[in-house]
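Fold and geometry: a report
The residues making up each chain are set out below.
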Amino acid sequence: MICDGGLMRHSEQVAMIKRLLALRETRRDEKMLDEVVTIPVTKYTDEALLEREIASAFSRYPLVAGHASALGAPGSYLTSDWDRFPYVVVRGEDGRVRAFYNQCRHRGARLADQPSGTVQNFVCPFHGWVYGLDGALKGITRSHDFPGVKTCDYGLVELPAAESGGLIWVGRTPGETLDIPGFLGTFHEDLVNFDVASLVRYKKTKVVKEANWKLLIKTYLEGYHVPYLHRDTLAFAFKRGVIAHDEDGPHIRLSAARTNIGETSLKPEEEWRILDYASVYYTLFPNTFFILHPDYVSINTFWPLAPDRTIWTHEMLYRDADFTGSAGQSALAKRFRFTNDTVFDQEDFAIAENVQRTLPHGGSDHHVLGLAEGLLAMFQQTIDERLTDPDAATPTTPRPTGRHS
């Protein structure tokens, strides 16, 4: 089972479980902002604001392109899910991961039109120009029609790329270098200790939701709704559920106690494993929500199309040895239907779309967030800070949480 993986260091797992047990006695989540906060509904409807978010949060920080298993062999590639950033990431013959604008240097045609695949070279479908896996232009059809045009001047435009923590990352500024361990801080150690790189993909879906990208992410950031919205699904697994959280830079990790956390008393501490008793969630700034379920992983990304429209992708991962044979595949299919179709799509995101439809039509000009919803306000604050200070690394306002990384 996935809970046998490393995740946090064992001492940190034990400490987290103890934090959750203490919170369970109080029946209160760990302190977040410790105050009621209001958020203007224009945060979800203003088109000019969305453009500023794209120019800051979506342009100056590394973005998750997918899990490393998508690039298992030389020539394997994956393409962007978002037309506003048309990249292709490929594993070269030398094993290195590189990213390029997915555009022929001749007249801009897309070189790779599938979400993923394997190639020996990239061949432009328009006029047949050929590019190597390293981005070099290898051949111009009817080259005699291009006197003076040197192939060395027209290689693909390379973008920053990295393979780190089992994930593939892409940046939007050519010439920069991505420091993912530095970007994620201590949470990068979680991905390494958990051995995310060894997971394999079960399935990836891509759909458009009629809601703001932040509104969709925020459905994950509180447990207040679970007994109500998820009363027939998740509520059984999270009775008396409480949340503890940590921050590292712009990222948030929250651990949600499951119903069985009281069973820790039946085992010595050296046998405690966090995923036996809690689900662990990460907001990987700006637009990825990474979830460690007890025996599988969900990578959710959100790509804004308009203030009220967002591409949502969900990539589900698992350990091959945990789900063998036809019975294993049936179990995976059941988990995917439950998580993707029921909990995420029909509950979390359906209510987000419900909210979005009401926003332009009056009734209230703001949302009010209670003490258990402080992480929503913290996530919003992190985005807002970067609209004015793109280099912001830590919150400008002290946050009275139980702990900061």
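Computed from a predicted model, the values in this text were never measured in an experiment. (Residues numbered from 1 in each chain as written. Predicted model: local features only at pLDDT ≥ 70, side-chain atom pairs only at ≥ 80, totals over all residues. Heavy atoms only, no water.)

For the rest of this paragraph, the subject is the confidence of the model for the chain. Mean pLDDT over the chain stands at 93; residues scoring 70 or higher make up 94%. Per-residue pLDDT stays below 50 along residues 1-5; that stretch engages in 17 contacts with residues further than four places along the chain or on separate chains. Predicted confidence is poor over residues 394-405, with pLDDT under 50, and the contacts of this stretch with residues over four places away or in other chains come to 36 contacts. (pLDDT = per-residue confidence, 0-100. Contact = heavy atoms within 4.5 Å.)

Attention shifts here to the packing of helix 2 (residues 47-56) against helix 9 (residues 374-388). The geometry of helix 2 relative to helix 9 is characterised by a closest axis approach of 9 Å and an angle of 80 degrees between their N-to-C directions. One way to sum up the angle between helix 2 and helix 9 is to call them roughly perpendicular. In this structure, helix 2 uses Leu49, Arg52, Glu53 and Ser56 to contact helix 9, whose residues at the interface are Ile383, Arg386, Leu387 and Thr388. Class assignment of the residues belonging to the contact of helix 2 with helix 9 gives a composition of three nonpolar, two polar and three charged. (Axes fitted to C-alpha atoms, helices over the stretch in contact; angles between N-to-C directions. Helix = DSSP H or I, 4+ residues; strand = E, 2+ residues; numbered from the N terminus. Parallel < 35°, antiparallel > 145°, perpendicular 65-115°, else oblique. Nonpolar A, V, L, I, M, F, W, Y, C, P; charged D, E, K, R; others polar.)

One can find Thr79 in strand 3 (residues 76-79). At 2.8 Å, the side chain of Thr79 and the backbone oxygen of Gln114 are in polar contact. Excluding its chain neighbours within four sequence positions, the residues that come into contact with Thr79 are Tyr87, Val88, Asn102, Ala112, Gln114 and Pro115. (Polar contact = N/O pair within 3.5 Å; in protein donor to acceptor, adjacent residues only side chain to side chain.)

Moving on, we come to the sheet that holds strand 8 (residues 130-131). The strand order 7-8-9 describes an open sheet built from three strands, whose pairing is antiparallel. In this open sheet, the two strands that pair with only one neighbour each are strand 7 (122-123) and strand 9 (137-139). Examined bridge by bridge, strand 8 and strand 9 share two bridges and lie antiparallel to one another. Bridge pairing links Val130 to Gly139 in strand 9. (Pairing = 2+ DSSP bridges.)

Inspection of the entire model under this criterion finds 25 aromatic pairs. Residues Phe85 and Tyr87 carry aromatic rings whose centres are separated by 4.9 Å and whose planes lie at 65 degrees to one another, so their mutual orientation is edge-to-face. Relative accessible area serves as the criterion here: at 2%, Tyr87 is assigned to the buried category. Taking the centre distance of 4.3 Å and the plane angle of 15 degrees together, the rings of Tyr220 and Phe289 count as stacked. You can see Tyr220 sitting in the loop between helix 5 (213-218) and helix 6 (226-229) and its partner Phe289 sitting in strand 17 (residues 288-292), a full 69 residues away along the chain. Tyr220 sits in the buried class, given a relative accessible area of 7%. (Phe/Tyr/Trp six-rings, centres within 6.5 Å; stacked < 30°, edge-to-face > 60°. Buried < 20%, exposed > 50% of the residue type's maximum accessible area, 1.4 Å probe, protein only.)

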